[in-house]
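# Coordinate inspection notes
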Amino acid sequence: MLGEKNLLSFLDFANSHKAYFNNKVRRKFPTIKEFLNQKSRFFRINVFLEIFFLKIKLVFSKSEYKSGNEYLKKNYGKLLYENWFKYYYSNIFEEENLPKDFVMNQFPPIELKKRRRNIKGSQDNLKKSPFFDCYPRFGMNDLIKKLNEELTKNKVEIILDSNIESIERKDNEKIITYEKDDKKLQLVFDGIVFAVPPSKAINWLSNSTEKIKSNSNKTPVAYNAIITYLFVDQEKVFDGWIINLYDPKFLISRISQQNHLSKNIAPEGKSLLTIEIKCNPSDKIWKNTDDEIYNVVIKEIKKMDILNAEKIFGHRIIRIPRIYPKFNSIQVNDEKLVNLINSNENEYTFSHEYDSNNLISNDTDNNKQYRLGGMLIGISSAYNLVEQIIINLKK
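I will try to describe carefully the structure that is included in this document. Since the structure is predicted, the reported quantities are computational estimates derived from the model, not experimental observations. Residue indices follow the written sequence of each chain, beginning from 1 at its first position. pLDDT decides what is reported in this predicted model: residues at 70 or higher carry local features, side-chain atom pairs at 80 or more are listed and counted, and totals for whole chains, interfaces and linings draw on all residues regardless. As a rule here, side-chain values cover all heavy atoms of the structure and leave hydrogens and water aside.

### Let's talk about the pattern of salt bridges
We define a salt bridge as a side-chain nitrogen of Lys or Arg found within 4 Å of a carboxyl oxygen belonging to Asp or Glu. Applying the stated criterion across every chain, the model contains 14 salt bridges. The salt bridge involving Glu347 is made with Arg169; its shortest N-O contact spans 2.7 Å. Linking Glu347 in strand E14 (residues 347-349) with Arg169 in strand E5 (residues 163-170), this pair joins segments that are 178 residues apart in sequence. For Arg169, a relative accessible area of 29% corresponds to the partly exposed category. Of the charged contacts in the structure, one is a salt bridge between Glu347 and Lys174, with a shortest N-O distance of 3.1 Å. Secondary structure follows DSSP: runs of H or I at least 4 residues long count as helices, runs of E at least 2 residues long count as strands, and numbering of each begins at the N terminus. Think of it in three bands: with a 1.4 Å probe and only protein chains considered, a residue is buried below 20% of the maximum accessible area for its type, exposed above 50%, and partly exposed in between.

If you want it as structure tokens, here you go:
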């Protein structure tokens with residue numbers, strides 16, 4: 001659709017992602033095995049002894065946990081929790097609220113007779129993405145323009161700036177009532193695909209879903225984003241596209257070197273970095289001035305030792321509210337919501353971001369997963385959804 005000249009080879013997606021952990025930029029976040037191998041013999045012995053005594057203690061007590069944090073501390077020990085798990089999850093969750101079911105699924109209880117295999121495991125097994133080996137040369141905007149052209153060519157109408165008030169299901173028809181330009185209008189369809197989160201799509205179902213709707217509304221919506229663009233007088237700042245920071249002491253969560261994907265992103269000999277900080281509306285950093293935010297960014301960049309600040313010849317800061325989804329234990333309702341929405345004939349919705357179909361690799365040590373970028377998650381989810389629709393139509 002875009003043509004080969006507008007595509008970039010992206011076979012090495014996983015290797016273009018780096019991890020900042022323990023004051024060092026690494027090829028990836030270390031597995032538990034790799035982490036333990038880097039520690040002293042004394043540290044490793046203490047970890048195994050702590051797990052051993054915890055297992056004995058659990059034999060004589062009920063294993064009920066209020067949170068993922070409590071589960072990890074009582075099964076893997078405080079040493080591993082404070083030195084590995086806390087960092088591992090710092091890029092995804094708020095530390096005090098690790099979702100219990102999600103964590104227990106990733107890290108099942110250790111069996112004593114298999115403790116070395118369970119804790120250490122084997123080397124990670126990278127898999128090529130089943131969907132992608134390329135990336136749009138000029139990013140999302142180029143792809144959106146082309147999709148718009150194709151949809152228009154096929155007589156698809158795109159209606160924007162509208163508010164859907166209700167969806168009535170009558171016989172085999174879906175009657176959508178919406179408001180646009182202060183006018184109430186209706187459209188009739190024989191099928192619906194909800195491209196919004198399940199917790200939003202539920203608002204257009206019947207009153208029988210009030211209980212689930214009420215629970216879904218308790219889910220924290222999202223973090224805010226502060227994005228700092230740094231213009232750097234340097235052809236390349238680091239090898240790769242993205243550095244994810246796994247360190248709760250840092251406010252920066254991710255650094256992207258945009259010119260890694262395409263030399264057209266920045267002038268010749270220059271680089272463009274985007275520095276992401278995710279925060280709550282009540283956090284001090286969100287209320288700071290642009291100058292204060294810039295100073296925080298430069299301070300943390302210097303700590304990472306990846307860039308000489310004198311090479312920065314310009315910057316811009318933008319703030320985007322409610323852009324990073326929040327995930328916590330309440331979100332187990334998502335599966336119920338998806339099943340409920342999909343139970344209506346010819347109606348479909350996407351699951352949440354932690355769908356296993358959005359993986360491009362899997363680490364057999366600890367279920368560590370490399371995620372696709374936001375745009376690729378959308379394409380991947382759409383691909384899976386279309387396949388499911390085709391299967392249903394054939395039935």
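### Considerations on the packing of aromatic side chains
Pairs were defined over the aromatic rings of Phe, Tyr and Trp, the Trp ring being its six-membered one, requiring ring centres within 6.5 Å. Orientation was assigned from the angle between planes: stacked under 30 degrees, edge-to-face over 60, tilted for the rest. Summed over the entire model, instances satisfying the criterion amount to 21 aromatic pairs. Between the aromatic rings of Trp84 and Phe85, the centroid separation amounts to 5.0 Å while the plane-to-plane angle is 90 degrees, which identifies the pairing as edge-to-face. Centroid distance Phe194 to Trp204: 6.1 Å. Interplanar angle 10 degrees. Geometry classified as stacked. Of the two residues, Phe194 sits in strand E8 (residues 192-194) while Trp204 sits in the loop between helix H7 (198-201) and helix H8 (210-216), which places them ten residues apart along the sequence. Across this residue pair, the class does not change: Phe194 and Trp204 are buried.

### Some remarks on the environment of Gly68
Note on placement: Gly68 falls in helix H3 (residues 68-89). Classification of Gly68 as buried rests on a relative accessible area of 0%. Along the backbone, Gly68 and Leu98 are 30 residues apart, and their C-alpha atoms lie at a distance of 4.8 Å.

### Side note on unusual backbone geometry
Look at Asp181: it is not a glycine, yet its phi comes out positive at around 55 degrees. Secondary-structure assignment places Asp181 in the loop between strand E6 (173-180) and strand E7 (183-189). If you check the backbone angles, Asp182 has positive phi at about 65 degrees while not being a glycine. Along the chain, Asp182 turns up in the loop between E6 and E7.

### A closer look at the sheet that holds E7
Pairing within the open sheet is antiparallel, and its three strands lie in the order E5-E6-E7. Strands at the two margins of the open sheet, each flanked by one partner only, are E5 and E7. Across the sheet, the mean angle separating the axes of adjacent strands is 20 degrees when strand polarity is ignored. Where E6 meets E7, seven bridges bridge the pair, whose relative direction is antiparallel. From the neighbouring strand, Lys174 faces E7, where its bridge partner is Phe189. For two strands to pair, DSSP has to find at least two bridges joining them. Convention adopted: a line fitted to C-alpha atoms gives each axis, helices being fitted over their contacting stretch, and angles between N-to-C directions are expressed from 0 to 180 degrees.

### Looking at helix H2 (residues 41-59)
For H2, which comprises 19 residues, the first-to-last C-alpha distance of 28 Å matches the rise-based estimate of 27 Å (1.5 Å per residue) to within 8%. Every buried residue belonging to H2 is among Phe43, Val47, Phe48, Ile51, Leu54, Lys55 and Leu58, and all of these are buried. Taken around the axis of H2, the buried residues stretch over an arc of 135 degrees, which confines them to a single face. The outward face of H2, more than 90 degrees from its buried face, is lined by the exposed residues Arg41, Phe42, Phe53, Lys57 and Val59. Expected helix span is taken as 1.5 Å per residue step, with the number of steps being one fewer than the number of residues. Regarding the arc, it is the one traced by the directions from the helix axis to the C-beta atoms.

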